[in-house]
Amino acid sequence: MKSLLRIFTLCAGLVGAPLLAQTPEEAAAGAKALLQRLFAQETSEEELQALAKEANKAGVPRQQIIEAKLVWGLRHQNTAFLVKILPEVEILTASFDSASAAMLPSAEAAKGFTAYIKALKAGEAKDEAGFKSNILEAIWLNPQQAPVFLQSIEKFRRESKMESLVVDLKIPLTNSMGEATTLNDQLGGKKALLLDFWASWCGPCMNLMPALKKKAEKLSAHGIVVAAVNKDDENAESIAERIRKEQNATLPWLVEPADRPYSKAFELDSIPRMILLSPEGKVLFNGHPEDPALWTALKKIDASIAAPAN
């Protein structure tokens, strides 16, 4: 009986004993691994937020965690996320420590990105004066990122023009088999029409074909028609039909007329490009197929639409 009691007492003591503490080297290695995961390109927003909490507990400097969030938002062109973390980026800017920096080269660069996010926020509010002053400040403070900032200027100007644009959905065009149709025919009384402008010579366009087919399948359940519009200059119908068969695509496969009425109206100076149209021909979105703003526009049509996981 005494031996059993001694064994029970010993086991109880082991259960209550604290776990062995990590060595400083082990703690540093763990924090470094967390930081690498925070900056990983494939990290989703949900994973990023969870990792940020874990990194904070592990002692990763707050500045590095905020930098990781900033890089994620910039990499994914996620305006809503960047605006959400603006207070954190302002803290980063006010207390920037070069010795603790993970990615940002200087305090000026941090200030530049703060101004950039403020410009995006002003753009969302249709505040042209606020957008202009902040984007110019961003370029002045962080000229190395000027190409990124200039893209935002082009996008803001384009969206401003698109707000007042109403296109004719009855302009004649053909599908890849040469059959006459119109965008209005393709819309067929549904909630909206999402057009994907592409060409066979456009590598990014071709790489996004699987994603295009997934969008078509997903959005059809929400009353939104997805159609591809080919922009090849020569033999457009035969090229479009060949690609349609290669992709085994079942969504509408259209060919824009040679005089490019829609390319001109939508100011398509680059592809791939997606245009979301209302039944009245109003432009609800005009941008890159992977721009998160597309899903924001889609949710305004049907709140149950969810963006795919990153």
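For the structure itself, consult the block above.
Below: a short report on this structure. (Residues numbered from 1 in each chain as written. Predicted model: local features only at pLDDT ≥ 70, side-chain atom pairs only at ≥ 80, totals over all residues. Heavy atoms only, no water.)

## Re the pairing of strand E3 (residues 192-198)
Convention followed: Buried residues are those whose accessible area, probed at 1.4 Å on protein chains only, stays under 20% of the maximum for their type, while exposed residues exceed 50% and partly exposed ones sit between those limits. Helical segments are the DSSP runs of H or I of at least four residues, strand segments are the runs of E of at least two, and each set is numbered from the N terminus. Any two strands with at least two DSSP-identified bridges between them are counted as paired.
Most of E3 is tucked away: 7 of the 7 residues are buried. Burial along E3 is two-sided: the residues Ala192, Leu194, Asp196 and Trp198 and Leu193, Leu195 and Phe197 are all buried. Across 7 bridges, E3 lies against strand E4 (residues 224-230) in parallel orientation. Within E4, the residue paired with Asp196 across the bridge is Ala228. Sheet topology places E3 next to strand E6 (residues 273-277); 5 bridges connect them, and they run antiparallel.

## Comments concerning helix H12 (residues 209-220)
Keep this limit in mind: For a helix, the expected span equals 1.5 Å multiplied by the residue count minus one. Here the arc refers to the set of directions running from the helix axis out to each C-beta atom.
Relative to the 16 Å expected for 12 residues at 1.5 Å per residue, H12 spans 17 Å between its end C-alpha atoms, a close match to the ideal helical length. If you check which residues of H12 are buried, you get Met209, Leu212, Lys215, Ala216 and Leu219. Considered in projection along H12, the buried side chains sweep an arc of 110 degrees and stay on one side of the axis. Summarising the geometry of H12, the exposed residues directed more than 90 degrees from the buried face are Lys214 and Glu217.

## Focus on the state of the cysteines
Put plainly, a disulfide is one covalent bond tying together the sulfur atoms of two cysteines. The condition that has to hold: Put simply, a disulfide is two cysteine sulfurs that come within 2.5 Å.
Under the counting rule described, the total for this entry stands at 1 disulfide. There is a disulfide in this structure between Cys202 and Cys205, and the S-S distance comes to 2.3 Å. Judged by the sign of its S-S torsion, about 75 degrees, the cystine formed by Cys202 and Cys205 is right-handed. Of the two residues, Cys202 and Cys205, both sit in the buried class.

## Focus on the nonpolar core
Convention followed: By nonpolar core is meant a set of buried Ala, Val, Leu, Ile, Met, Phe, Trp, Tyr and Cys residues that side-chain atoms within 4.5 Å join together. Only heavy atoms matter for contacts: two residues are in contact if any of them lie within 4.5 Å across the pair.
Ranked by size, the top nonpolar core spans 49 residues in total, and within it Leu183, Leu195, Phe197, Trp253, Phe266 and Leu277 carry the most contacts. Beyond its immediate stretch of four places on either side in the chain, Phe197 contacts Cys205, Val229, Lys231, Glu256, Tyr262, Phe266, Leu268, Ile271, Pro272, Arg273 and Ile275. Within the second largest apolar cluster, 37 residues are counted, among which are Val60, Ile66, Ile117 and Ile135.

## Details of the pairing of strand E7 (residues 283-287)
The element E7 is largely enclosed, with a buried count of 4 among its 5 residues. Two strands pair when backbone bridges link them, and E6 and E7 are joined in this way by 4 bridges, in the antiparallel orientation. Note on E7: the bridge partner recorded for Leu277 is Val283. In sequence, E6 turns back onto E7 through a hairpin of 5 residues, with Gly281 there showing a positive phi of about 90 degrees.

## Regarding the side chain of Lys215
Note the cut-off: Counted charges follow a simple rule, with Lys and Arg positive, Asp and Glu negative, and His plus the chain ends left uncounted. Think of a salt bridge as a Lys or Arg side-chain nitrogen and an Asp or Glu carboxyl oxygen that are within 4 Å of each other.
Structurally, Lys215 is set in helix H12. Buried and unpaired, Lys215 has Glu290 as its nearest opposite-charge partner, separated by 6.8 Å.

## Quick word on the environment of Gln63
Here is the rule: Any N or O atom pair separated by 3.5 Å or less is treated as a polar contact, with the protein-specific requirement of one donor-capable and one acceptor-capable atom, and with residues adjacent in sequence counted only for side-chain atom pairs.
Relative to the assigned elements, Gln63 resides in helix H4 (residues 62-75). Considering only alpha carbons, one finds Gln63 and Leu92, 29 residues apart in sequence, at a separation of 5.9 Å. Those residues within four positions of Gln63 in sequence are excluded, and the remaining contacts are Leu92, Ser95, Phe96, Asp97, Ser100 and Ala101. At 2.8 Å, the side chain of Gln63 forms a polar contact with the backbone nitrogen of Asp97.

## Brief notes about the environment of Lys214
If you trace the backbone, Lys214 turns up in helix H12. Assessed through its relative accessible area of 62%, Lys214 is described here as exposed.

## So, the packing of aromatic side chains
We count it as follows: Side-chain rings of Phe, Tyr and Trp (the six-membered ring for Trp) are treated as a pair once their centres are within 6.5 Å; stacked means planes under 30 degrees apart, edge-to-face means over 60, and tilted covers the remaining angles.
On inspection of all chains with the given rule, the structure shows 7 aromatic pairs. A ring pair is formed by Phe197 and Phe266, whose centres lie 6.1 Å apart and whose planes are at 70 degrees; its orientation type is edge-to-face. Of this pair, Phe197 sits in strand E3 while Phe266 sits in helix H14 (residues 261-266); the two residues are 69 residues apart in sequence, bridging distant segments of the chain. In this structure Phe266 comes out as buried when scored by relative accessible area, which is 0%. Both rings, one in Tyr262 and one in Phe266, keep their centres 5.9 Å apart while their planes meet at 15 degrees; by these two values the pair is stacked. Taken together, the residues span about one helical turn, with Tyr262 and Phe266 both in helix H14 at a distance of 4 residues. When its relative accessible area of 2% is taken as the criterion, Tyr262 is described as buried. An aromatic cluster of three or more residues is present, and its members are Phe113, Tyr116 and Phe149.

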